[in-house]
Amino acid sequence: MQKTIKKIGVFTSGGDSPGMNAAVRAVVRACAYHNIQCFGIYRGYEGMIEGDFVEMDARSVKGIINKGGTILKSARSKEFRTVEGRKKAHEQLIKAGIDALVVIGGDGSFTGAMIFNQEFNFPVMGIPGTIDNDIYGTTHTLGYDTALNTAVEAIDKIRDTASSHNRLFFIEVMGRDVGHIALNVGVGAGAEEILIPEEDLGLDRLLESLRRSKKSGKSSSIVVVAEGDRIGKNVFELADYVEENKTEYEVRVSVLGHMQRGGSPSCFDRVLASRMGVKAVESLLDGKSNYMVGLKNDVMNLTPFDQAVKGKSKINMELIRVSDILTV
Ligand code: ATP
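What you see is a predicted model; the values in this text were computed from it and never measured. (Residues numbered from 1 in each chain as written. Predicted model: local features only at pLDDT ≥ 70, side-chain atom pairs only at ≥ 80, totals over all residues. Heavy atoms only, no water.)

1. A closer look at helix 5 (residues 144–164)
Thought 1: Here helix 5 is 21 residues long and its end C-alpha atoms lie 31 Å apart, about the 30 Å a rise of 1.5 Å per residue gives.
Thought 2: One or two positions beyond helix 5, positive phi appears at Asn-166, with a value near 50 degrees. (Helix = DSSP H or I, 4+ residues; strand = E, 2+ residues; numbered from the N terminus. Expected span 1.5 Å × (residues − 1).)

Right, dumping it as structure tokens:
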């Protein structure tokens, strides 16, 4: 017979992303609405192993929906990767009477949750919190929309200086394995070229395209480069290569880095976090476990953890064509 859930633990794990606080708020308030207790677990799996828990009620999450980062802090735990570490975490949860978990994090955090579930038959539900949007089973991860807006705003500012000085800027954005951020931000900021991990543009085509831009009368150019672009050169090497092979631009580099992870979440991310938090709690109460909540066609859905972790999130190929057409 299915055990009734009375106490849910919620935690944030891996890299932080805007919207995590809004998701914590939604989990805590959904628990309060359904008359079950909720505990916040500090510093992800690290805090779980140490029993670093705090009871949370509806009022303890006031004023956080608009805050970046995570009030529960996040961490990476080596110990949780070991059976002994996970045993300690399980003992701490049992001691506190916590009988189900909501993990807000990326694929690594879900892998940990899946293993924990297999070992201890412990109910777990995941909320995808990462700016990279690299998780299968949802069109949007928490923080992705905010990161896009942050990066576009930064590139708009760089464009001002690029056009004042007739410069070519290589701008690196996050995305080691997938090019969602680069592609969307590139189209949104009107970049002349976008380099992503999914497609090898080739150095010759890049040079050719930049020369064409210059000839067509453009006074500045922006090339958006994902961290893991397929050409295999980092953004500084790319800039050196282009400068050596003369495109008649003065070349500069800007790495946006961690600023893309911070800041107040966009309205889209706040709404998404609210929906995901409610869905995660209600799915646990319905007896479901080992799933990630996600968004598809504006409907909340569930994807088994193993699929979410193994599946590949695909970029929108149409955007590549749109970008090619609009940079004529
Ligand atoms: P991000 O997208 O920001 O990298 P993430 O959730 O993928 O977020 P990871 O550092 O990969 O971040 O994972 C977070 C934590 O999940 C790890 O520090 C570890 O404690 C746990 N974890 C990851 N993989 C495993 C695993 N195979 N077994 C047990 N625990 C794991």
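2. Points about the side chain of Ser-323
Thought 1: On the secondary structure map, Ser-323 appears in helix 11 (residues 317–326).
Thought 2: Relative accessible area serves as the criterion here: at 8%, Ser-323 is assigned to the buried category. (Buried < 20%, exposed > 50% of the residue type's maximum accessible area, 1.4 Å probe, protein only.)

3. Describing the pairing of strand 10 (residues 291–296)
Thought 1: Pairing of strand 5 (residues 124–128) with strand 10 involves two bridges; the strand directions are parallel. Residue pairing in the sheet places Met-125 in a bridge with Tyr-291 of strand 10.
Thought 2: Looking at chain direction, strand 10 and strand 11 (residues 299–304) are connected through six bridges and run antiparallel. Residue pairing in the sheet places Met-292 in a bridge with Thr-303 of strand 11.
Thought 3: Linking strand 10 to strand 11, which pair antiparallel, is a turn of two residues; within it Asn-297 sits at a positive phi near 50 degrees. (Pairing = 2+ DSSP bridges.)

4. What about the side chain of Asp-132?
Thought 1: With respect to the helices, strands and loops of the structure, Asp-132 is situated in the loop between strand 5 and helix 5.
Thought 2: Despite its burial, Asp-132 remains without a salt bridge, the nearest opposite charge being carried by Arg-176 at 5.2 Å.
Thought 3: Residue contacts for Asp-132: discarding those within four places in its chain leaves Met-174, Gly-175, Val-178, His-180 and Ile-181. (Lys, Arg positive; Asp, Glu negative; His and termini not counted. Salt bridge = Lys/Arg side-chain N within 4 Å of Asp/Glu carboxyl O. Contact = heavy atoms within 4.5 Å.)

5. Overview of the sheet that holds strand 9 (residues 250–255)
Thought 1: With parallel pairing, four strands are arranged side by side in an open sheet as 7-8-6-9. In the strand order of this sheet, the two ends are held by strand 7 (193–195) and strand 9, each with one partner. The mean angle between the axes of side-by-side strands here comes to 20 degrees, regardless of whether they run parallel or antiparallel.
Thought 2: Judged from the six bridges that link them, strand 6 (residues 167–173) and strand 9 form a sheet pairing that is parallel. Among the inter-strand pairings, Phe-170 is bridged to a residue of strand 9, identified as Val-253.
Thought 3: Lying over the sheet, helix 8 (residues 235–244) contacts strand 6, strand 7, strand 8 (221–226) and strand 9, oriented at roughly 175 degrees with respect to strand 9. (Axes fitted to C-alpha atoms, helices over the stretch in contact; angles between N-to-C directions.)

6. A word on the UniProt feature "binding site: Mg(2+)" (unreviewed entry) in the protein
Thought 1: Summarizing the sequence annotation, UniProt attributes the feature "binding site: Mg(2+)" (unreviewed entry) to Asp-107 in the numbering used throughout.
Thought 2: By secondary structure assignment, the location of Asp-107 is in helix 4 (residues 107–120).
Thought 3: Aside from chain neighbours lying at most four places away, what touches Asp-107 is Ile-135 and Val-309. (UniProt positions renumbered as here; feature names shortened; annotations may be inferred.)

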